[in-house]
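Descriptive structure summary
Okay, here's what each chain looks like letter by letter:
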Amino acid sequence: MLMRDVFHKQTEFEEAREELQIKLDKGSSLDEIRKKFIRGDIQAQVLKQLQNKRYFTFERIQRKKIDFMELLNEHTTESVKQKISIPSNGLTTVEIFLNAKGEQDGGPILNKAMFKLGDGKLLVLVTKPFSKTKVYLATDLKGPLTLHWGISRKPGEWAAPPQSALPHGSVLLDRASQTKLLESYFGDPPHQVKFLEIDIAEENSVGMPFVLLSGGKWIKNNGSDFYVDFGLGGGKLKQGATDGEGTAKDLLDKIAEKESQAQRSFMHRFNIASDLIEWAKDAGELGLAGIFVWMRFMATRQLIWNKNYNVKPREISRAQDRFTDLLQNIYKSNPQYQEILRMILTTVGRGGEGDVGQRIRDEILVIQRKNNCKGGMMEEWHQKLHNNTSPDDVIICQALIDYIKSGLDISAYWKTLNSNGITKERLQSYDRAIHSEPIFSRDQKDGLLHDLQNYMRTLKAVHSGADLESAITNCMGYRAEGRGFMVGVQINPVAGLPSGFAELLEYVLDHVEDKNIEPLLEGLLEVREELRPLLRKTHDRLRDLLFLDIALDSMVRTAIERGYEELNNAGPHKIMYFISLVLENLALSSDNNKDLIYCLKGWNHAQDMFRAGDDDWALYAKSFLDRSRLALARKAEYYEQLLQPSAEYLGSLLGVDQWAVNIFTEEIIRAGSSASLSLLLNRLDPVLRRSANLGSWQVISPIGTVGYVVVVDELLTVQNKSYGRPTILVAKSVKGEEEIPAGTVAVLTSDMPDVLSHVSVRARNSRVCFATCFDPDILSDLQVNEGKLLRLEVTSADIFYSEIKESELSETSSTNLKECGPSSSVNLVRKHFRGRYAISSEEFTSEMVGAKSRNIAYLKGKVPSWVGIPTSVALPFGVFEKVLLDSSNQVVADTLEALKKRLEEGELSTLGEIQETVLQLAAPPQLVQELKNKMQSSSIPWPGDEGEQRWAHAWMAIKKVWASKWNERAFFSTRKAKLDHDDLCMAVLVQEIINADYAFVIHTTNPSSGDSSEIYAEVVRGLGESLVGAYPGRALSFSCKKSDLNSPKILGYPSKPIGLFIRQSIIFRSDSNGEDLEGYAGAGLYDSVPMDDEEKVMVDYSSDPLIIDGNFRQSILSSIARAGSSIEELYGSPQDIEGVVKDGKIYVVQTRPQM
């Protein structure tokens, strides 16, 4: 009860004020009363009570031990990504493609436009990274397309672009240029996108006119030229600038229809929102996102607040109360939408009970009368408050308080207003305008300061649901007596609060302005942890608890920003502790937060390692820093997909400022804990790299070279390009499965592909320099050097670069280009059907199967007994072609032949059609029977024994392997190597899947250093596809001297958030005649397909024995190293080996010569 009394102290001080007012009414002056108080002649009843009270104070709370898994908040809802694959509701492939460009660009978005082109669309994005204008175009139109374009130095002008702006292959004309759009495939499943990137360094360009040329016909914009503006976007968005895909379009159309009514007053807006909220809920996450966008536009003053309508404050309060009550009810009944509902609540005041809204109107009259300030600015404000109170009134009240506290310095008043977005023009724009400045006398100061501070509580109760003091007061209860015409207000305390909760809240309020923010952060999070169980239950005051939780969340962000400089001289342990606190805060506010929780557990373990003096603490912490960044990137991507389409569509309907739409999602992210966490991670990163001796680079392929710098967003988008001069690509995104473009001599990236990923292997095989840069300053400097000729001097651990003259290129350029090209002696030998649909491993020969199958058969019985080799059978070379000739597949064969002819003519879009056609093949009965016999005789389970459907799954997997002959990466790789694609033949290796605990890849010569005395290996949880495929994050990596195989050295801990697991199943592995040709990096180009889908599982490394159990780790890693050494001895040459670990046993599933 003691602390409940403490939280009623505001009520007691209100009583004290009333006692003093009585004495003033009796004729006593303020000075006389003050002197009597000082002498002790007068004591208010309240002061007598307070003399007998002892207030609870302490310097630091003792946090309770938390099981972080109790924070888990997972819901099985349809993801935004799933929704966007539905044409009626989602983003198209082109939009996703262009959005990805905008995210990766790094510069501000100047303009974004969409043009309808018959059944297709053209999207244009204009950004400004590194002081240059960048234009991206993307379309889903079929057939060859040429862009006929120019630049404008004034609107309407057509002028030829400068030579420096011309993309490769452009033709410069008199007043324009023509450039062919490039083709790529994007998304899952892949869809064709035609795109172009144009860099314009010319500062005086204001826009770009263009038309399209397709099949000899001009494509225009409804008879006019297309035009995209380069301006900063200060104007309004044009209606219809987007078509509403990826949104709850019908709901947004209704909102736009109602906006003219909503502009009349906040009462109208909140009542309309209440009427629409059920519709939004039924539309799901996108519907609620639409409501949030609308409310956010309102809160940021992008929409009109009041228009020629006089409304009482209590009516606004009642409308807010209704709306927030409905949001509270959805929160209770639909837990899968809690995060977006919290976001909506941040844009809306709480509303009021007990007619707190009416008190806004009454109390200002009392303040004016008591303090004799009935004219001027106070009267103008009073008229505004009576007419239509708004959140601006909270800021105006604070500005008046600051003005009084400053000793009546009017600049303090304007500073508070302006820093919160209220200008003189805005004050004068209200229906009841405020023209005057406040002019108070010194005699008025004390009384006004006291009354305005009390009045602030009333204003915040209505308008500032997320204000901490107001939210605490609403939860703990307060009472303000009515007097005369002024209504009374009583807010009862929330029932059922935990024991000690009031003390925690007082602790937070006592420390909210402390310079040392650590105790405050601990207090804020302890309160949130105490609140968490209440927020998951049905509660009649849930709304008040939610506003309190939102206010606490906001205060964590504010405290971190305030205390960031405090970390300048902090050690790594303190920064790690702050990271864990902010991660905990973010997890408490997020839906589907498992990855955040696993990151939090990892950071706690890193702190334990630091305290214990573990030498690997920095290396371990670096892996969780990388994983935390990946988690933030995924969260940002989620917000972008969920919110930005609605912001763009609704913004266009409502005429919102272009800049406000462009930065909509970015500002949401910046305002949240994600931004605070990102700041802390950036602060810690260089500290960890120094402590772990990581340096600024991880060199994957250490090749010194010379080339011209070209900056790209994604390696994927240029993988099919051919550069005519030696090129150093600086790429933001490298996923791991891309092909390296012809003419490329180096790929430098901030991304984190595994050292043994496909693209890494191909870089080494092609003698292309490949490295990850961890230092953003170095990467930024490289980007600034775009177009310049640089020399890269490369060691196994570092890269040094310098600009050189073109005259120095002659000796090196031809060598660079020659080294990254294919050997002229490489050729494929076409294989033929040998009369067998299926063979056992004993029958594997070079005429029947590829090196993958032969190598695995060779290992059987030759490796040590503790190394397992899976039993294998195969569909040999020529089976695909034989199946195609079967009479049941005549239509498929004819279709395939026609598609291949179109491909030969340059229609690259047919690649996807060919793959789809291959999947239509029927299985000849003889194939089914022979494969069944071979699998059963080799003790491999026959899928058909589990039913016809299981065989159908197996047959589809076989066809997907064959179809991968025409995947884009493989096709362009053979074309670049000048190989005849028709000569490529595909056998299929069939193995039973080992449901692995871990998967590994070994290179028996360290690929980064070329040290043949050292083994290098990478390990992941689950199946190996997350290692060699395009899965974000790093694997566990280690090296091991062959002279001491029992002493593996950890080089990096894992940061991959996802592990792949599968039921007992069969895998069908590609085994082509082009994978292991000397001089051709063909490995990994074709697909291996399991019969069943892998399950993606979020990995918790803090409980993984390979990470936390040193003895287990040493045993497993040394066993992997010994297996690699044994296989290298068998072959007498360096090997590239893949395998798995199951229940501590090592299995090798394939080996090939290390290229």
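Residues numbered from 1 in each chain as written. Predicted model: local features only at pLDDT ≥ 70, side-chain atom pairs only at ≥ 80, totals over all residues. Heavy atoms only, no water.

The next point concerns the overall build of the protein chain. Scanning the protein chain for helices and strands turns up 40 helices and 34 strands. Out of the 1155 residues in the protein chain, the part that is buried amounts to 58%. Restricting the contact set of the protein chain to residue pairs at least 6 apart, pairs at least 24 apart contribute 71%. Accessible surface, the protein chain as shown: approximately 46300 Å² in total, 48% of it carbon and sulfur. (Helix = DSSP H or I, 4+ residues; strand = E, 2+ residues; numbered from the N terminus. Buried < 20%, exposed > 50% of the residue type's maximum accessible area, 1.4 Å probe, protein only. Contact = heavy atoms within 4.5 Å. Areas by Shrake-Rupley, 256 points an atom, 1.4 Å probe, with all protein chains shown as cover.)

Another aspect to go through is the packing of aromatic side chains. For the coordinates displayed, the defined rule picks out 24 aromatic pairs. Taking the centre distance of 5.5 Å and the plane angle of 50° together, the rings of Tyr-403 and Phe-440 count as tilted. Note that Tyr-403 is positioned in helix 14 (residues 392–405) and Phe-440 in the loop between helix 16 (424–429) and helix 17 (445–463), a separation of 37 residues in sequence. Of the two residues, Tyr-403 and Phe-440, both sit in the buried class. Relative to Trp-962, the ring of Trp-955 lies with its centre 5.7 Å away and its plane at 85°, an arrangement referred to as edge-to-face. (Phe/Tyr/Trp six-rings, centres within 6.5 Å; stacked < 30°, edge-to-face > 60°.)

Here helix 40 (residues 1110–1131) is 22 residues long and its end C-alpha atoms lie 32 Å apart, about the 32 Å a rise of 1.5 Å per residue gives. Capping the start of helix 40 is the job of one residue whose side-chain oxygen sits 3.1 Å from the backbone nitrogen of Asn-1111: Asp-1109. (Expected span 1.5 Å × (residues − 1). Polar contact = N/O pair within 3.5 Å; in protein donor to acceptor, adjacent residues only side chain to side chain.)

This brings us to the sheet that holds strand 15 (residues 705–714). Sheet architecture is open: seven strands sit in the order 14-18-17-16-15-19-20, paired in mixed fashion. Edge positions in the sheet fall to strand 14 (697–701) and strand 20 (799–803), since each has one partner strand and no second. Within the sheet, the average angular offset between the axes of one strand and its neighbour, ignoring direction, is 35°. Pairing between strand 15 and strand 16 (residues 722–733): six bridges, direction parallel. In the strand pairing of strand 16, Val-709 is matched with Ile-728. Along the sheet, helix 28 (residues 758–765) contacts strand 14 and strand 18 (769–773); its crossing angle with strand 14, the most-contacted strand, is approximately 65°. (Pairing = 2+ DSSP bridges. Axes fitted to C-alpha atoms, helices over the stretch in contact; angles between N-to-C directions.)

Our next topic: unusual backbone geometry. What is expected of a backbone is that most residues other than glycine have negative phi and most peptide bonds are trans. Residues other than glycine seldom take positive phi values, yet Asn-372 does so here, at roughly 55°. With a relative accessible area of 63%, Asn-372 lands in the exposed category. At Asn-693, a position not held by glycine, the phi torsion is positive, near 55°. With respect to the helices and strands, the residue Asn-693 is situated in the loop between helix 27 (673–691) and strand 14. Residue Asn-693 is classed as exposed on the basis of its relative accessible area, which comes to 69%.

So, on to the sheet that holds strand 33 (residues 1135–1142). Spatially, 22-34-33-25-26-27-28 is the arrangement adopted by the seven strands of the open sheet, whose pairing is mixed. Looking at strand neighbours, the two that pair on one side only are strand 22 (867–868) and strand 28 (1049–1052), the edges of this open sheet. Sheet analysis places strand 27 (residues 1036–1041) next to strand 28, joined by three bridges and oriented antiparallel. What sits directly across from Phe-1038, in strand 28, is Ile-1050.

Glancing now at the packing of helix 33 (residues 890–904) against helix 34 (residues 910–918). As a packed pair, helix 33 and helix 34 sit with axes 10 Å apart at the nearest point and diverge in direction by 165°. Regarding the angle of helix 33 to helix 34, the classification is roughly antiparallel. The two elements helix 33 and helix 34 meet at a crossing, and its hand is left-handed. Residue-level contacts link Val-892, Thr-895, Leu-896, Leu-899, Lys-900, Arg-902 and Leu-903 of helix 33 to Thr-910, Leu-911, Glu-913, Ile-914, Thr-917 and Val-918 of helix 34. In terms of residue class, the contact of helix 33 with helix 34 is made up of seven nonpolar, three polar and three charged. (Parallel < 35°, antiparallel > 145°, perpendicular 65-115°, else oblique. Left-handed = near helix turned anticlockwise from the far one by under 90°. Nonpolar A, V, L, I, M, F, W, Y, C, P; charged D, E, K, R; others polar.)

Bringing a negative patch on the surface into the picture now. Together, Asp-894, Glu-897, Glu-904, Glu-905 and Asp-980 make up a negatively charged patch on the protein surface. Tracing the chain through its elements places Asp-980 in the loop between helix 37 (968–976) and strand 24 (986–992). For Asp-980, a relative accessible area of 41% translates into the label partly exposed. (Patch = residues over 30% accessible without salt bridge, like charges linked within 9 Å, V, L, I, M, F, W, Y side chains within 5 Å. Salt bridge = Lys/Arg side-chain N within 4 Å of Asp/Glu carboxyl O. Lys, Arg positive; Asp, Glu negative; His and termini not counted. Charge placed at Lys NZ, Arg CZ, Asp CG, Glu CD.)

A separate point is helix 28. Most of helix 28 is tucked away: seven of the eight residues are buried. Within helix 28 the residues assigned to the buried category are His-758, Val-759, Ser-760, Val-761, Arg-762, Ala-763 and Arg-764. Of the residues one or two after helix 28, Arg-767 is the one with positive phi, at around 55°.

This paragraph deals with the nonpolar core. Counting 166 residues, the largest nonpolar core has Ile-291, Trp-294 and Ile-1120 as the members making the most contacts within it. When residues in this core are grouped by element, the largest group, 17 residues, is from helix 24 (residues 617–654). Sequence-distant contacts of Ile-1120, that is, excluding residues within four places in its chain, are made with Phe-1000, Ile-1002, Ala-1017, Val-1019, Phe-1038, Val-1141 and Ile-1146. Membership of the second largest hydrophobic core comes to 49 residues, among which are Leu-828, Val-883, Ile-940 and Trp-955. (Core = buried A, V, L, I, M, F, W, Y, C linked by side-chain atoms within 4.5 Å.)

The next point concerns the environment of Ser-1065. For Ser-1065, the location among the structural elements is in the loop between strand 29 (1058–1061) and strand 30 (1066–1072). Among the residues examined, Ser-1065 registers a relative accessible area of 3% and is labelled buried. Considered as a pair, Ser-1065 and Gln-991 are 74 residues apart in the sequence and their alpha carbons are 8.9 Å apart. Looking at Ser-1065, its side chain comes within polar contact range of the side chain of Asp-1092, at 2.6 Å.

With that settled, consider the pattern of salt bridges. Evaluation of the coordinates by the stated rule reveals 59 salt bridges. Here Asp-685 ties to Arg-629 by a salt bridge, and the two come within 2.9 Å at their closest N and O atoms. One end of the pair, Asp-685, is in helix 27; the other, Arg-629, is in helix 24, and 56 residues separate them in sequence. Residue classification places Asp-685 among the buried positions, given a relative accessible area of 4%. Note that Glu-946 and Arg-1063 form a salt bridge whose closest N and O atoms lie 3.2 Å from each other. With Glu-946 in the loop between helix 35 (925–937) and helix 36 (948–963) and Arg-1063 in the loop between strand 29 and strand 30, the pair connects residues that are 117 residues apart, well separated along the chain.

What follows is about the packing of helix 22 (residues 572–589) against helix 24. Geometry of a packed helix pair, given as the angle between the helix axes and the separation of the axes. Contact geometry of helix 22 with helix 24 gives a least axis separation of 13 Å together with a crossing angle of 30°. Taken together, helix 22 and helix 24 sit at an angle that is classed as roughly parallel. Considering only the axes of helix 22 and helix 24, their crossing is left-handed. Each of Pro-572, Met-576, Leu-583 and Leu-586 in helix 22 lies in contact with helix 24, whose residues at this interface are Trp-617, Ala-621, Ser-628, Leu-632 and Lys-635. When the residues that make up the contact of helix 22 with helix 24 are grouped by side-chain class, the tally is seven nonpolar, one polar and one charged.

Along the polypeptide, Thr-179 turns up in strand 6 (residues 177–180). We classify Thr-179 as buried; its relative accessible area is 1%. Side-chain polar atoms of Thr-179 contact the side chain of Trp-149, separated by 3.0 Å. A distance of 2.7 Å separates polar atoms of two side chains, one belonging to Thr-179 and the other to Ser-170. In this view, Thr-179 contacts Leu-145, Thr-146, Leu-147, Trp-149, Pro-167, Ser-170 and Leu-196; residues no more than four positions away in its chain are not counted.

Before going further, it helps to spend a moment on the environment of Ile-1058. Residue placement: Ile-1058 occurs in strand 29. Separated by 40 residues in the primary sequence, Ile-1058 and Met-1098 place their C-alpha atoms 4.8 Å from one another. Among all residues touching Ile-1058, those that are not within four sequence positions of it are Ser-1026, Lys-1096, Val-1097, Met-1098 and Val-1099.

As a further point, take the confidence of the model for the protein chain. Mean pLDDT over the protein chain works out to 85, with 87% of the residues at or above the 70 mark. Averaged pLDDT values for the elements of the protein chain fall to 36 in helix 5 (residues 80–83) and rise to 97 in helix 40. Per-residue pLDDT stays below 50 along residues 1–13; that stretch engages in 31 contacts with residues further than four places along the chain or on separate chains. (pLDDT = per-residue confidence, 0-100.)

This next bit is on the pairing of strand 27. Taken across its six residues, strand 27 has five buried, putting it largely inside the fold. Here strand 26 (residues 1014–1021) pairs with strand 27 via six bridges, running antiparallel. Note that in strand 27 the partner of Glu-1014 across the bridge is Lys-1041.

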